[in-house]
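# A structural walkthrough
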Amino acid sequence: MASDLADTERLYRLIISQLRMDGHEGIAATLAKAALPAAPVIGPSSRLLHLVSLGAQAETQGLPADDEQFATDYIIGAAPSKSLDFDAPQEGDLTPHESIPWDLTYVSTHKAAVRTCAYSADGGLFATGGADGSVRVFNTNRAAKSRDIGGGDTRALVRQFAEHTLAINEVAFHPNSPVIATASKDNSIRLTDFGSQTATKSFKIIQDAFNVRTLCFHPGGDYLLAGTEHPLVRLYDTRTSQCFTPANPFEHHSAAITSVRYAPDARQFASGCKGGLVKLWDAVGNRCTATFNAAHGGLAVSSVRFSANGKYLLTTGKDSVVRLWDLRTGRTLMQYEGAVQKATRTQAVFSHSEDLVLCGNELTMAVMLWDARTGVPQKPVPGHAGPIRALDHSPVENGFLTGSDDKRARLFGPPPSA
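Heads up: these notes are all about the structure in this document. Along each chain, numbering runs from 1 in the same order as the chain's sequence is written. Predicted model: local features are reported for residues with pLDDT of at least 70 only, side-chain atom pairs are reported and counted for 80 or more only, and whole-chain, interface and lining totals are derived from all residues. Note that water and hydrogens are dropped before the side-chain values are worked out from all heavy atoms of the structure.

## Let's talk about the sheet that holds strand 24 (residues 366-371)
To keep things clear, this is the line we draw: Two strands qualify as a pair provided that DSSP identifies no fewer than 2 bridges between them. Labels follow the DSSP assignment, with helices taken as runs of H or I lasting at least four residues and strands as runs of E lasting at least two, numbered in each case from the N terminus. For helices, the fitted line uses only the C-alpha atoms of the stretch in contact; every axis is such a line through C-alpha atoms, and the angle between N-to-C directions lies from 0 to 180 degrees.
Taken in spatial order, the 3 strands of this open sheet run 22-23-24, and their pairing is antiparallel. For this open sheet the edge positions go to strand 22 (348-350) and strand 24, each flanked by a neighbour on one side alone. The mean inter-strand angle of the sheet, taken between neighbouring strand axes irrespective of direction, is 25°. Here strand 23 (residues 356-361) runs beside strand 24; their pairing, made up of 6 bridges, is antiparallel. Considered in strand 24, the bridge of cysteine 359 is made with methionine 368.

## Observations regarding the pairing of strand 2 (residues 114-119)
Test applied: Think of it in three bands: with a 1.4 Å probe and only protein chains considered, a residue is buried below 20% of the maximum accessible area for its type, exposed above 50%, and partly exposed in between.
For strand 2, a buried count of 6 out of 6 residues is recorded, marking the element as mostly surrounded by other parts of the structure. Sheet topology note: the strand 2/strand 3 (residues 125-130) ladder contains 5 bridges and is antiparallel. Opposite cysteine 117, over in strand 3, you have threonine 128 as the bridge partner. Between strand 2 and strand 3, which follow one another and run antiparallel, lie 5 residues, and glycine 123 among them has a positive phi close to 75°.

## Re the nonpolar core
Applied cut-off: Among the buried residues, those of types Ala, Val, Leu, Ile, Met, Phe, Trp, Tyr and Cys that are joined through side-chain atoms within 4.5 Å form a nonpolar core. Between two residues, a contact is recorded if the distance between any of their heavy atoms is within 4.5 Å.
In this structure, Leu314, Val322, Leu324, Tyr336, Val357 and Trp370 are the most contacted members of the largest nonpolar core, which totals 17 residues. Secondary-structure elements contributing two or more residues to this core are strand 19 (312-317), strand 20 (321-326), strand 21 (331-337), strand 22, strand 23 and strand 24. Of the residues forming this core, the biggest block, 3 residues, is contributed by strand 21. Excluding anything up to four places from it in sequence, tyrosine 336 contacts Leu314, Val321, Val322, Leu324, Val357, Trp370, Asp371, Ala372 and Gly375. In terms of nonpolar packing, the next biggest core, distinct from the first, is built from 13 residues, Val179, Ile206, Val212 and Tyr236 among them.

## Comments concerning unusual backbone geometry
A positive phi angle is found at asparagine 286, which is not glycine, with a value near 55°. Turning to its location among the elements, asparagine 286 is positioned in the loop between strand 16 (278-282) and strand 17 (287-292). One non-glycine residue, lysine 407, lies in the positive phi region at around 70°. Here lysine 407 lies in the loop between strand 26 (400-404) and strand 27 (408-413). Overall, lysine 407 belongs to the partly exposed group, its relative accessible area being 38%.

Right, here's the structure in full:
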């Protein structure tokens, strides 16, 4: 009898998670309230669809040996993936991840607002860019171990540059070389070799006619995506500085471009703009493959980020909502709410394991965190005395970096015993 009840509850969980996955939130909520009123949050999942497909195959032709193991994985539960995947064999009942007790481990003081920050691909370095046109590169491990929160310790500082004449909008590390790219309000992109102790200036300057708001390296490093106040996405050859733009004028954005990012496999890239559009592009043909109109209620899009498997796109905008898009259906899969973003543009990012989503809250000046699969909020992380303009999470470990109008860059990580 107890076994039958457990199986029935399990079935309800699968149905509810499948309904959420398919966008039937109202039906899912009604069923959850009626059948499982005491259950924890049930996140979206397509596990039921996979099980039905397997059952149909077994019923009609039997399961080959490999599929028997596949079925066992779904029933018992396979090893958890390192990336967010709503198709993976996980329980429909998803208990939110326990909140991490974040510690402030390092503070860097700048002369002006910190407008951008980024980690290197291996997480060993991080960089910050300021409204005064300065760029700083730090050693992550050295900064974290220093535990300096007074802003006076410079031993973690690797290099600093101050060539731009106006504010830095975005910094990006080359994926496999000691090169950093910077985009500025002075209408230029600079490539600087921070690995050379003798180099004091950038080795390449790409001059544009507009304020360069955002940039991103191709995963191979030979090309650089850029977005400016002009509605055309730029693609630069980093060796020749040759510029390519989409040929079809009907595919262009409607306003200034605010964020660009490549998918991890480099087959596509995404862009967002002040006009509220999010666009997906074929990275080989440089053509638009999908447009999400009014992605954030018609308000400006602040950032776009792909999941590690390329199935999902995380966006945030001036509607104060962080959205997770299923790129196969073009539908919003999850919404993470509570991070106010009206006046200041900031980013929403995944944690390295994609268990969490993070975004700055300009009202409380804290970092908001949510369980990525369920949308359940975790304890916010305070620390700044001004709006958070920049946010990035380490690609390899629990740790994130913030930049603020309070002229501080802050590095957060778990306590030493965590």
